[in-house]
Amino acid sequence: MPAAADAWRFQFHPEVWLMIAAIVGLGYYVVRVVAPVAAPAGAAVTRRQRLCFVAGVLLLWVSADWPMHDIAEDYLYSVHMVQHLLISFVVPPLLVMAVPEWLARLILTEDSRASRMIRRATHPLVAGVVFNALQGLMHWSALVDLSVRNGAFHYSMHLLMFTSALAMWTPLVSPLKEMQLSEPLKMLYLFAMSIVPTVPAGWLTFAEGSVYPVYDHAQRLWGVSVTADQQAAGAVMKVLGGLYLWTLIAIKFFRFSAAQRQADASERRRRLEDDTLTTADVTAEFERLGRPPVEHSRPAE
């Protein structure tokens, strides 16, 4: 175990730099080479998609490179949970939202094996089960120990978690509307995604002693005890992760409610307009009925 003083010593991770370079290179290739040929005129990549791509790549770099990676791997499990939160809940939806609709249709509308595999993997039931199963597996003590001691295994597990998160977020923010759930189902789906992380979060928060021996060492960064570190990790999962998902649920609920109210108001206005009696309607009805009969007064007796 390295000394706490080494926590801020720069560590170069070439695999991370290669991964980021590959993603940026792919984005550049799509914009400069594919878009001029395949994208509709004037609809290559929007400003919002560019911002999502840049934010997603930067946050992925922050979560996978020094210093967060080194602190998470060697010192604090709570920082490891911040890594998981970024890789699972923040970066994937940003990168999915960065994909233009024309590019998604180019990839997924062809009847190829890759297209069929992507559609199956991003089915809400499949994606949700796989994602949550991996989230639970990631907290198994033997895997945590192996992940800390073996850098290649660590990156492999993070890559697997990141891939499953991309699939999990697709039914929510897919560039293809037909692949998205309805708004009520999106809220239910997000609620389901918020349940499983509470189990290991509660376990970490209320456990007595050291849950992960690999993090129980004499060199304590910033003086954080192993118990406080575990409780902080549980708080990251339960409070930050849960609050993040429930905030998304609340936003979707209020937007859905506003849209429903607007639709109801439009329907009421349409019915009111249909039921309004105009002068032209009255005139047309009189013409249809003809002149009313004239009642002759009877002579006085």
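Up top is the structure.
Now for a quick tour of the structure. (Residues numbered from 1 in each chain as written. Predicted model: local features only at pLDDT ≥ 70, side-chain atom pairs only at ≥ 80, totals over all residues. Heavy atoms only, no water.)

**A look at the overall build of the protein chain**
Part 1 of the reasoning: Helices and strands together make up the secondary structure of the protein chain, namely 13 helices and 0 strands.
Part 2 of the reasoning: When its helices and strands are written in sequence order, the protein chain yields α-α-α-α-α-α-α-α-α-α-α-α-α.
Part 3 of the reasoning: Relative to a compact globule of 301 residues, whose C-alpha radius of gyration would be 19 Å, the protein chain shows 30 Å and is clearly more extended.
Part 4 of the reasoning: Taken along its principal axes, the extent of the C-alpha atoms in the protein chain is 125 × 55 × 35 Å.
Part 5 of the reasoning: Across the 301 residues that make up the protein chain, the buried fraction comes to 38%.
Part 6 of the reasoning: Considering only contacts in the protein chain between residues 6 or more positions apart, those separated by 24 or more positions represent 79%.
Part 7 of the reasoning: Total accessible area on the protein chain stands at roughly 17,900 Å², and carbon and sulfur atoms take up 66% of it.
Part 8 of the reasoning: Measuring between centres, the 25 positive side-chain charges of the protein chain sit 4 Å from its 25 negative side-chain charges. (Helix = DSSP H or I, 4+ residues; strand = E, 2+ residues; numbered from the N terminus. Rg over C-alpha atoms; globule rule 2.2 N^0.38 Å. Buried < 20%, exposed > 50% of the residue type's maximum accessible area, 1.4 Å probe, protein only. Contact = heavy atoms within 4.5 Å. Areas by Shrake-Rupley, 256 points an atom, 1.4 Å probe, with all protein chains shown as cover. Lys, Arg positive; Asp, Glu negative; His and termini not counted. Charge placed at Lys NZ, Arg CZ, Asp CG, Glu CD.)

**Let's talk about the layout of surface pockets**
Part 1 of the reasoning: Roughly 1,300 Å³ of internal volume is contained in the largest pocket.
Part 2 of the reasoning: Leu26, Leu95, Val96, Val99 and Leu166 are the residues nearest the centre of the largest pocket, which is lined by 40 residues in total.
Part 3 of the reasoning: Of all the secondary-structure elements, those providing two or more residues to the lining of the largest pocket are helix 1 (14-38), helix 2 (47-64), helix 4 (77-97), helix 5 (101-108), helix 6 (113-121), helix 7 (124-137) and helix 9 (151-173).
Part 4 of the reasoning: The element contributing the most residues to the lining of the largest pocket is helix 1, with 10 residues.
Part 5 of the reasoning: Along the lines of polarity and charge, the residues of the lining of the largest pocket split into 31 nonpolar, 7 polar and 2 charged.
Part 6 of the reasoning: Volume-wise, the second largest pocket comes out at about 720 Å³.
Part 7 of the reasoning: If you trace the second largest pocket, you find 28 residues lining it, with Arg48, Met97, Leu172, Val173 and Lys252 closest to the centre.
Part 8 of the reasoning: Within the residue set of the lining of the second largest pocket, elements represented by two or more residues are helix 2, helix 4, helix 5, helix 9, helix 10 (183-193) and helix 12 (226-275).
Part 9 of the reasoning: The leading source of residues in the lining of the second largest pocket is helix 12, at 5 residues. (1 Å grid on protein atoms, 1.4 Å probe; cavity = no way out; pocket = protein on both sides within 12 Å on 5 of 7 lines; lining within 4 Å. Points joined across faces, edges and corners; volume = space filled by probe spheres on them. Nonpolar A, V, L, I, M, F, W, Y, C, P; charged D, E, K, R; others polar.)

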